[in-house]
Amino acid sequence: MFIHPLARTDQHLIQDFMLTKITLLLARHAEHAEWKFELTAMDDKSREGSSQGHTFLFIYTVARYYIAVRRAHAESNTSETGPDRDESTFFGDFIDAVASNDPKRALTRWFSTDISAETDIAAPAIRQLAFEFLDRLTMPAPDFIASDVADFLPDPYEPDHCVG
């Protein structure tokens, strides 16, 4: 019997699935309505199993993708300037934690906001935050492929590394 990756408890598998979905949607230049459809489907699939509350993993994965694209693009285009981090905002602090492979700090920052109460990936606040990451990306040239990004991904979220 097939069990959808989002209905499982393996957080690496869940993040790999999310990363694949993000990459495919971006490659197709999907409109926000298509993202909403896909994120709602992700919510439906995660409810099929015992796992729920994948919103943090989704935002963490979006942040990893954002960081990887920025790094890969900066390496291939020396005119790219500026850090991955904004001033002291949730966005900048969260990006810095993910880029530093510091899941404990990312999780602490996540729970310091009201958005952490959201349980649905397709919730308006979660979509807005995801688009804040994705809309900031300057999409690279058409020959810029997923493998270029893969080499620059920060580590996936590891709950074991959060024990302190």
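Just so we're clear, the structure is a prediction, and the values are computed from it rather than from any experiment.

Undergrad: Requested: an account of the overall build of the protein chain, with residues and values cited.
TA: When helices and strands are tallied, the protein chain shows seven helices and zero strands. Along the protein chain, from the amino end to the carboxyl end, the secondary structure elements read α-α-α-α-α-α-α. Counting only residues that meet the buried cut, the protein chain has 44% of its 164 residues in that class. Counting contacts in the protein chain only where the partners sit at least 6 residues apart, residues at least 24 apart contribute 73% of the total. Surface exposure of the protein chain reaches about 8700 Å², of which carbon and sulfur atoms provide 51%.

Undergrad: Give me the lowdown on the pattern of salt bridges, citing residues and values where you can.
TA: Across all of its chains, the model carries eight salt bridges by this definition. Glu-38 serves as the salt-bridge partner of Lys-21, at 3.1 Å between the closest nitrogen and oxygen. Of the two residues, Lys-21 sits in helix 1 (residues 11-27) while Glu-38 sits in helix 2 (residues 32-48), which places them 17 residues apart along the sequence. As far as burial versus exposure is concerned, Lys-21 and Glu-38 are alike and both buried. With its nearest N and O atoms 3.3 Å apart, the salt bridge here joins Arg-105 to Asp-102. Within this structure, Asp-44, Arg-47 and Asp-120 form a network of salt bridges that share partners.

Undergrad: Give me helix 3 (residues 55-76): which residues, what numbers.
TA: Taking 1.5 Å of rise per residue, 22 residues should cover 32 Å, and helix 3 covers 32 Å from first to last C-alpha, within 8% of that figure. Most of helix 3 sits inside the fold, with 18 of its 22 residues counted as buried.

Undergrad: If you had to explain the packing of aromatic side chains to someone new, which residues and values would you point to?
TA: Under the criterion given, the structure shown has 14 aromatic pairs. Consider the rings of Phe-90 and Trp-110, whose centres lie 6.5 Å apart with planes at 55 degrees: the pair is tilted. Taken together, the residues span a long stretch of sequence, with Phe-90 in helix 4 (residues 90-99) and Trp-110 in helix 5 (residues 103-111) at a distance of 20 residues. Phe-90 gets classed as buried once you look at its relative accessible area, which sits at 14%. Summarising the aromatic geometry, the rings of Phe-94 and Trp-110 are spaced 6.5 Å apart at their centres and angled 50 degrees between planes, so their arrangement reads as tilted. With a gap of 16 residues between them, Phe-94 in helix 4 and Trp-110 in helix 5 connect regions that are remote in the sequence. You'll find Phe-94 and Trp-110 in the same group, each marked buried. Across from the ring centre of Phe-91, 3.8 Å away, lies the NZ or CZ of Arg-136, which sits over that ring.

Undergrad: I'd like a description of the nonpolar core, backed by residues and values.
TA: Ranked by size, the top nonpolar core spans 45 residues in total, and within it Trp-35, Phe-58, Ile-59, Phe-94, Trp-110 and Phe-133 carry the most contacts. If you tally residues by element for this core, the top one is helix 3, at twelve residues. Each residue touching Ile-59, except ones within four places of it in the same chain, is listed here: Phe-94, Trp-110, Ile-126, Leu-129, Ala-130 and Phe-133.

Undergrad: Describe unusual backbone geometry, listing the residues and the values that go with them.
TA: In this model, His-29 sits at a positive phi of 55 degrees, which is unusual for a non-glycine residue. Of note, the phi angle at Asn-101 is positive, near 55 degrees, even though the residue is not glycine. In this structure, Asn-101 sits in the loop between helix 4 and helix 5.

Undergrad: Run through the confidence of the model for the protein chain, naming residues and quoting values.
TA: Across the protein chain, the average pLDDT comes to 83, with 82% of residues at 70 or higher. When pLDDT is averaged over each helix and strand of the protein chain, the minimum, 69, is found for helix 7 (residues 146-150) and the maximum, 95, for helix 5. Contacts from residues 80-87, a stretch scored under 50 in pLDDT, to residues over four places away or in other chains number 18 contacts.

Calculation notes
- Every residue gets a number counted from 1 within its own chain, in the order that chain's sequence is written.
- Thresholds applied to this predicted model are a pLDDT of at least 70 for local features of residues and 80 or more for the giving and counting of side-chain atom pairs; totals over whole chains, interfaces and linings are not thresholded and use all residues.
- As a rule here, side-chain values cover all heavy atoms of the structure and leave hydrogens and water aside.
- A run of H or I in DSSP counts as a helix once it spans at least four residues, and a run of E counts as a strand once it spans at least two, with each numbered from the N terminus.
- The classification of residues rests on relative accessible area computed with a 1.4 Å probe and restricted to protein chains. Under 20% of the type maximum is buried, over 50% is exposed, and intermediate values are partly exposed.
- Every residue pair with non-hydrogen atoms within 4.5 Å of one another is taken to be in contact.
- The accessible surface values rely on the Shrake-Rupley method and a 1.4 Å probe; as for residues, cover is taken only from the protein chains in view.
- Basic side-chain nitrogens of Lys or Arg form a salt bridge, by our definition, when they fall within 4 Å of a carboxyl oxygen of Asp or Glu.
- Working rule for helices: expected span equals 1.5 Å times residues minus one.
- We call Phe, Tyr and Trp rings a pair once their centres come within 6.5 Å, taking the six-membered ring for Trp, and we label the pair stacked below 30 degrees between planes, edge-to-face above 60, and tilted otherwise.
- The criterion is that NZ of a Lys, or CZ of an Arg, lies within 6 Å of the ring centre and within 35 degrees of the ring normal, and then a charge sits over that ring.
- We call a set of buried Ala, Val, Leu, Ile, Met, Phe, Trp, Tyr and Cys residues a nonpolar core when their side-chain atoms join them within 4.5 Å.
- Confidence of the predictor at the level of single residues is given by pLDDT, which spans 0 to 100.

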